[in-house]
Every structure is written in C-alpha cells, then in structure tokens.
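Coordinate analysis (summary)
The lines below spell out each chain.
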Amino acid sequence: MYAFDIERPATVAEAVAALSNEDAQALGGGQTLIPTLKQRLASPEKLVSLTGVAEMKGISSAGGILTVGGGTTHDDVAADGSYKALSELAANIGDPAVRSRGTIGGSIANNDPSACYPAAALGSGATIVTNEREIAADDYFVGMFETALGEGEIITAVKFPIPEKANYQKFVQPASRFALVGVFVAKTADGVRVAVTGASNEGVHRWSAAEEALSKDFSAGALDGLTVSADDLIADLHGSAEYRAHLVSVMTKRAVAAAS
Amino acid sequence: MTKVTMTINGKSVSGEVEGRTLLSSFLREDLHLTGTHIGCDTSQCGACVVHVDGKPVKSCTMFAAEADGADVATIEGQANADGSLNVIQAAFQEHHGLQCGFCTPGMVMSAAALLKDNPKPSEAEVREYLEGNICRCTGYHNIVKAIMAASGQDVSAIAAE
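The name an unreviewed UniProt entry assigns to chain B is Carbon-monoxide dehydrogenase small subunit, from the organism Litoreibacter halocynthiae.

As recorded in an unreviewed UniProt entry, chain A goes by Carbon-monoxide dehydrogenase medium subunit and comes from Litoreibacter halocynthiae.

In structure tokens form, the structure reads like this:
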C-alpha cells in the first residue's frame with residue numbers, strides 16, 4: 001500500500017469535514033477498499049474511517065419502512081430478520097469474517113456489478129439517504145462502479161419499504177462468493193420489481209419485461225417464454241454472456257417461487 | 001504515526017502505527033504475536049482471523065488504527081489459564097484437524113466464534129461457517145469433525161474420509 005493518514009471521526013459532520021479534502025476517501029468496512037489499496041489501485045492521501053460513527057449504525061422499523069444505517073454490518077442486518085429477504089441476502093455475503101466488517105453503505109457506495117446489496121436496494125425500491133439528500137434507488141445506480149454520489153458524500157442510511165413478498169436468489173461464484181448472477185424480486189401493492197446483479201456490464205438493473213409479467217401473475221410460470229438478451233452482459237472465465245442470460249431467468253423464477 | 005491502544009487477550013497494549021498498518025502487521029511485527037498467520041494477504045484464506053469486540057474478522061483486512069479501543073482476541077489467548085489446550089484446540093489435536101498447521105489459528109478462531117453463537121451446530125452449519133477459512137492439507141473433514149467434537153456432539157458417525 002502507498003502511505004496515507006487515517007482519521008476516525010465520531011459523527012457524520014466530522015466525517016464530512018474530513019472528506020472535504022479532495023484526496024480523502026471514505027472507508028466503510030474496508031472489505032473491498034483494503035484489498036484494492038493493497039494492490040495499489042488507489043492512492044488516497046487520507047482515509048476517513050466511518051466505523052466510529054455511531055449515528056450511522058443500527059436498524060429501525062416504522063410505518064413499513066426499514067431504515068438501515070449506512071455503517072451497519074452485514075452480520076447485523078442478517079441477525080435483524082424484520083425484512084426477511086434482506087436479512088437472508090446479508091447472511092450470504094462473503095463469509096462470516098467479511099460480514100463482521102462489511103457495511104451496507106460501503107457496498108452500495110462501491111456498486112460492484114456483482115454485489116448483492118445493490119440488487120436489494122433497487123429491487124425493493126429503496127431510498128439512499130446521504131448527508132446531503134435522499135436519492136431513489138432508480139436514480140442512484142448509474143453504471144458499473146458508478147453511482148449518483150458526489151465527492152465526499154456519505155451514505156448515512158438506506159430506507160427499505162418492506163414489500164408484501166420478496167426473495168433474493170444468488171448463483172454464487174464459488175471463488176469470490178460474489179454473485180455470478182443474483183436476482184432480487186419484490187412484490188408490492190404497486191406491482192413487482194425485479195433487480196438483477198452480476199449479469200450486466202451496466203451494473204445492477206431492472207428486468208422490466210419480467211416485472212410486467214409478474215405484476216399480472218406472480219408465479220414462476222408467468223416467466224415461461226421470457227428470455228434475456230445476452231447483448232451487453234458480462235462474459236468472463238466464470239461464465240459467458242449467454243450463460244448469464246440463461247441464469248437471469250432461472251434465478252428470477254427461483255426467487256418468485258421462494259418469495260415470502 | 002498514530003498512537004493506538006487496545007486490549008489484546010485481556011491485556012492493554014499500546015503502539016505507534018502508520019495509517020496503512022494492518023491489524024495483522026501490528027500483531028505480528030510490533031507485538032510479536034506471530035500465531036496469527038498471513039496466508040494470502042488478499043482476504044481470501046482466513047489464516048489471520050482474530051476476534052475484534054467478539055466478532056471474527058480477517059486481521060489482514062482491517063487497519064490497526066481501526067482497532068483503537070477495541071477488545072482483540074488472538075490464538076495466543078485461547079489456551080486455558082494453566083496453559084493446557086482449550087476444548088477446541090484439544091479437539092483439533094485429538095481428531096487430527098491439522099496437518100501443516102498453517103491455517104489452524106484462523107480455523108480455531110473461526111470455530112470459537114461459531115460455537116459462541118451456535119453451541120451445537122450441525123455439520124452443514126460448520127462447513128458453511130468455514131467458508132472463509134481455506135485449508136490445503138486436510139480436505140476439511142477432520143477440521144469439521146474436531147469442531148463438532150468440541151461442541152460436545154458425538155462424532156463417531158462422521159467418517160474420516
């Protein structure tokens with residue numbers, strides 16, 4: 001790693017002030033950023049660790065909305081259980097030691113195209129809360145590793161409207177434990193949302209044809225005959241674009257069948 | 001350099017660290033607690049697992065500065081007060097849960113974290129919990145058997161394959 005200073009603010013306000021230096025970088029749980037720093041793929045002058053910001057940790061529920069603090073670990077979300085599909089998703093990220101450190105805010109800020117949480121946020125129609133504003137998930141995820149966050153902006157919380165039924169199905173890439181393809185399905189009073197991760201060069205995205213079919217008939221059979229184009233899907237040594245396209249419909253059907 | 005103070009295996013410890021000093025480096029190079037092993041340095045292998053505030057973490061994927069004020073437990077603190085092996089360590093010995101021994105500190109620390117949360121895990125739960133701990137010798141069977149035995153469950157039916 002290149003040398004850098006590290007700061008541990010105790011409040012969001014202090015963190016925002018510390019990040020006002022343009023060569024400063026926020027550090028969540030570090031489960032992606034620290035390996036990146038070790039490869040010298042990033043060279044911040046200063047890391048601002050958010051792990052000491054108590055106001056960004058914790059989970060609360062009111063009026064059908066689950067609010068998860070940006071600094072809440074995967075392990076804590078997994079243990080919560082009040083939004084079952086979300087807790088199950090968190091319980092299958094990485095491994096136990098990664099879940100002890102990794103945070104929802106870090107995952108959503110990084111927007112890895114194969115990460116699990118972006119699918120939950122987009123699939124649930126969540127709202128990303130930052131120190132400056134609230135951003136609808138539909139406007140937040142811009143592309144692979146790209147988000148609507150500005151310089152120095154911090155995700156302080158994510159608000160999930162708890163759907164009638166939801167489920168996340170992940171086809172695990174066994175070496176990295178990321179999703180080769182993951183699909184989050186949520187059935188709400190306003191219709192069905194389907195978010196796909198791991199598949200596209202554009203990052204997490206919605207599968208609108210499946211949403212339309214499932215809004216009329218919420219059953220795996222409603223997806224019969226629906227296929228996904230392999231154009232612009234990720235192709236690597238773990239799976240071709242055609243393989244991923246096939247997995248999208250398989251995992252969507254499984255998520256619908258398992259939704260509760 | 002930043003001063004950090006933390007409790008390690010029940011003792012208060014202070015040191016001067018750089019921002020980029022990993023917790024694993026602080027333990028091994030500054031404190032000479034070399035029981036915590038660095039297998040891969042890429043967050044994959046789990047040989048460096050320690051407990052921070054009761055949770056298992058990969059000490060190569062956390063900065064020492066982030067552990068300031070934390071309660072850290074390493075393999076060096078696992079033995080009983082009289083120096084004898086604790087129940088997990090003894091089970092690893094009894095059931096041949098190690099061969100070269102390189103992954104063992106992380107395996108024992110992960111096992112301890114599992115049994116704290118789930119005192120009677122199923123074999124499947126043990127295997128799932130060890131997802132982030134890689135062993136290249138044993139094929140895992142005897143590690144799983146040792147952890148099942150350490151939890152007080154009958155392991156006579158678990159074959160050593």
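Don't stop here, the text continues.
Bringing the domain arrangement of chain A into the picture now. Residues and elements named next belong to chain A. Each assigned domain of chain A is listed here: domain 1 (5-49), domain 2 (58-161) and domain 3 (165-258). Once you take the C-alpha centre of each, domain 1 and domain 2 turn out to be 19 Å apart. Domain 1 puts nine residues into the contact, and the matching count from domain 2 is 11 residues. Of the roughly 720 Å² buried between domain 1 and domain 2, counting both surfaces, carbon and sulfur atoms make up 67%. The tally of links between domain 1 and domain 2 comes to zero salt bridges. Seen at the junction of domain 1 and domain 2, the total is zero residue pairs in polar contact (both at pLDDT 80 or more). For the side of domain 1 that touches domain 2, the residue count by class is four nonpolar, four polar and one charged.

Let's shift gears to the domain arrangement of chain B. Residue and element names in this part refer to chain B. For chain B, the assigned domains are domain 1 (2-76) and domain 2 (87-150). A straight line from the C-alpha centre of domain 1 to that of domain 2 covers 21 Å. Taken residue by residue, the interface counts 17 residues in domain 1 and 16 residues in domain 2. Interface of domain 1 and domain 2: buried area, both sides summed, is about 1,200 Å²; carbon and sulfur atoms make up 64% of it. Interface area lost by domain 1 to domain 2 is led by H37, H51 and I75, which between them contribute 39%. In this assembly, domain 1 and domain 2 are joined by zero salt bridges. Taken together, the connections running from domain 1 to domain 2 amount to six residue pairs in polar contact (both at pLDDT 80 or more).

With that settled, the discussion passes to the packing of aromatic side chains. Residue and element names in this part refer to chain A. Scanning the entire structure with this criterion turns up six aromatic pairs over all chains. With a centroid separation of 6.1 Å and 70° between ring planes, the pair formed by Y83 and F160 is classed as edge-to-face. Of this pair, Y83 sits in the loop between α3 (74-80) and α4 (84-91) while F160 sits in strand β10 (residues 155-161), and the two are 77 residues apart along the sequence. The residues Y83 and F160 share a single accessibility class, namely buried. Clustering of aromatic rings is evident, with ring pairs tying together Y83, F160, Y168 and F184. One Lys or Arg, R40, reaches over the ring of Y2 and ends 4.2 Å from the middle of that ring.

The rules we used
Residues numbered from 1 in each chain as written. Chains lettered and ligands numbered in written order. Predicted model: local features only at pLDDT ≥ 70, side-chain atom pairs only at ≥ 80, totals over all residues. Heavy atoms only, no water. Domains from an automatic or database assignment. Contact = heavy atoms within 4.5 Å. Buried area = accessible area lost by both parts, 1.4 Å probe. Salt bridge = Lys/Arg side-chain N within 4 Å of Asp/Glu carboxyl O. Polar contact = N/O pair within 3.5 Å; in protein donor to acceptor, adjacent residues only side chain to side chain. Nonpolar A, V, L, I, M, F, W, Y, C, P; charged D, E, K, R; others polar. Phe/Tyr/Trp six-rings, centres within 6.5 Å; stacked < 30°, edge-to-face > 60°. Helix = DSSP H or I, 4+ residues; strand = E, 2+ residues; numbered from the N terminus. Buried < 20%, exposed > 50% of the residue type's maximum accessible area, 1.4 Å probe, protein only. Lys NZ or Arg CZ within 6 Å of the ring centre and 35° of its normal.

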